[in-house]
Amino acid sequence: MLLVIACLAILLVVGIAIGVCIKGTKLHKPEQKVQDFFMRFRAEEDTKQELYDTAYRIVMDLGEALDEKDIIAQCDAVRSAHDRARAFRARATDQPIPESVSTPGHGLKVVK
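Note that the structure is predicted; figures quoted are calculated from it, not measured.

### Here's the deal with the overall build of the protein chain
Helix and strand content of the protein chain: 3 helices and 0 strands. Reading the protein chain from its N terminus to its C terminus gives the helix and strand order α-α-α. The buried share of the protein chain, taken over its 112 residues, is 8%. A separation threshold of at least 6 residues defines the contact pool for the protein chain, and within that pool the share at least 24 residues apart is 47%. Total accessible area on the protein chain is roughly 9900 Å²; 64% of this is exposed by carbon and sulfur atoms.

Spelled out as structure tokens, the structure:
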């Protein structure tokens, strides 16, 4: 029982130390390495979320443009959404995001 409590206390201290390293500002070399390790994963997630949010806004604006009654306004709005989508694609391909491993898709089978 004492061993379990000691292990939990050690895990708590290690967790607090990692949390301090992540939130810290004036860190020593080993602490900076720990912070860089954990912040790398956070940066990847933030970049994925930012790209998703931008793409979502472009798609929603395109949907609004297609619902426009005035043809001239619709053409302008679609052109604007198209330009934003092209710029988004160019920016997204410059900073590739590692995608999760996908299962191979089912293709067409040749039947003789």
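### Considering the environment of Ala-65
In this structure, Ala-65 sits in helix H2 (residues 29–66). A relative accessible area of 3% means that Ala-65 is categorised as buried. Here the alpha-carbon distance between Ala-65 and Arg-79, two residues 14 residues apart in the chain, equals 9.3 Å. Not counting residues up to four positions away in its chain, the partners in contact with Ala-65 are Gln-74, Ala-77 and Val-78.

### Observations regarding a negative patch on the surface
On the surface, Glu-64, Asp-67, Glu-68 and Asp-70 cluster together into a patch of negative charge. Within the element layout of this structure, Glu-68 appears in the loop between H2 and helix H3 (71–94).

What counts and what doesn't
Residues numbered from 1 in each chain as written. Predicted model: local features only at pLDDT ≥ 70, side-chain atom pairs only at ≥ 80, totals over all residues. Heavy atoms only, no water. Helix = DSSP H or I, 4+ residues; strand = E, 2+ residues; numbered from the N terminus. Buried < 20%, exposed > 50% of the residue type's maximum accessible area, 1.4 Å probe, protein only. Contact = heavy atoms within 4.5 Å. Areas by Shrake-Rupley, 256 points an atom, 1.4 Å probe, with all protein chains shown as cover. Patch = residues over 30% accessible without salt bridge, like charges linked within 9 Å, V, L, I, M, F, W, Y side chains within 5 Å. Salt bridge = Lys/Arg side-chain N within 4 Å of Asp/Glu carboxyl O. Lys, Arg positive; Asp, Glu negative; His and termini not counted. Charge placed at Lys NZ, Arg CZ, Asp CG, Glu CD.

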